[in-house]
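Listed below, chain by chain, are the residues.
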Amino acid sequence: MEARLQKILAQWGIASRREAEEMIRHSRVRINGVLAHLGQKIDPEKDAIAIDGKPVSKKQRPALIYLLLHKPRGVVSTCYDPQRRPTVLDLLPKELREGTGIHPVGRLDADSTGALILTNDGNLTFGLTHPRHSISKTYRVLVEGHPPEAILKMWRQGVMLEGRKTRPAKVQLIEHHGEQSFLEIVLQEGRNRQIRRIAQQLGYPVIKLHRTAIGPIQLQTPKEPFLEEGKYRSLKDDEIRFLQDQITQPNY
């Protein structure tokens, strides 16, 4: 049965759909010896797929990998960066970053730090990044000034961004720090640079943004030492089950 090429590569765990599209755009993928194009449909039972000149198939699918990474500032959440900035894959050993199809699930912008999931499970990535998906993500944010309760209430109820209101969020003042304030923010969505854009719009620009947790998956737990910047750990079985449950729930 025919299907879009990027979907097949994701199902095989070779790359996320987004990364597969980037591979195609950069002329790295061929079908039956001919350069592939975006949106192309193929029959994986009949057509030969090659990436960087090497044949790939469902049988070659590597073992599934699920990692939690503490992303440092200045590192981009992608597998390839045309500006040659360091990527999250550069933080992994060669045996994990090459030939496994591992990729980030979602993104943290280059200036932000904190929890980021990496996997080569294409189906999981597609499910978790689907617009209807809503795993909560927790952030510790340092902003300029002292936002009053009225501003925090406005943020909790939703703010208009590009003509569309954001979902309700949990926004709590943690402490004042001189002329700055620490907030804890829990989001159920992840529009591009959402926290930074809202904070700027409300008049309290972000100085630092750090993601502490993705659902119950945290950089530090009572049973685990703090995961230092640039380091990673394998997800536990219950953490993997939690993620898989999110994409099989009826409201997905």
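Located above this text is the structure these notes cover.
Residues numbered from 1 in each chain as written. Predicted model: local features only at pLDDT ≥ 70, side-chain atom pairs only at ≥ 80, totals over all residues. Heavy atoms only, no water.

A. Focus on the sheet that holds strand β5 (residues 49–51). The four strands lie next to each other as β3-β2-β5-β6, forming an open sheet whose pairing is antiparallel. Of all the strands in the sheet, the pair left with one neighbour each is β3 (34–35) and β6 (54–56). Both strand β2 (residues 29–31) and β3 contribute to a ladder of two bridges, which runs antiparallel. Residue isoleucine 31 lies in a different strand from β3, and its bridge partner there is valine 34. (Pairing = 2+ DSSP bridges. Helix = DSSP H or I, 4+ residues; strand = E, 2+ residues; numbered from the N terminus.)

B. A look at the side chain of glutamine 194. Inspection of the secondary structure puts glutamine 194 in helix α6 (residues 194–202). Here glutamine 194 falls in the buried class, since its relative accessible area comes to 3%. In contact with glutamine 194, other than residues within four places in its own chain, are Leu161, Thr166, Leu187 and Glu189. (Buried < 20%, exposed > 50% of the residue type's maximum accessible area, 1.4 Å probe, protein only. Contact = heavy atoms within 4.5 Å.)

C. Structural view of the packing of helix α5 (residues 149–157) against α6. The contact between α5 and α6 brings their axes to 11 Å, and the two run at 140°. On the basis of their axis angle, the class for α5 and α6 is oblique. As for how α5 packs across α6, the hand of that crossing is right-handed. Here Ile151, Met154 and Trp155 of α5 come into contact with α6, specifically with Ile195, Ile198, Ala199 and Leu202. Here the contact of α5 with α6 is built from residues that sort into seven nonpolar, no polar and no charged. (Axes fitted to C-alpha atoms, helices over the stretch in contact; angles between N-to-C directions. Parallel < 35°, antiparallel > 145°, perpendicular 65-115°, else oblique. Left-handed = near helix turned anticlockwise from the far one by under 90°. Nonpolar A, V, L, I, M, F, W, Y, C, P; charged D, E, K, R; others polar.)

D. Expanded view of the pairing of strand β14 (residues 180–187). Burial runs high along β14: six of the eight residues are buried. Bridge count between strand β10 (residues 137–144) and β14: eight bridges; the pairing is antiparallel. Paired with valine 143 across the bridge in β14 is serine 181. Two strands pair when backbone bridges link them, and strand β13 (residues 170–177) and β14 are joined in this way by seven bridges, in the antiparallel orientation. Along β14, the bridge assignment pairs histidine 177 with glutamine 180. In textbook terms, the turn of a hairpin is the stretch between consecutive antiparallel strands, and for β13 and β14 this stretch comprises two residues, one of which, glycine 178, has a positive phi near 65°.

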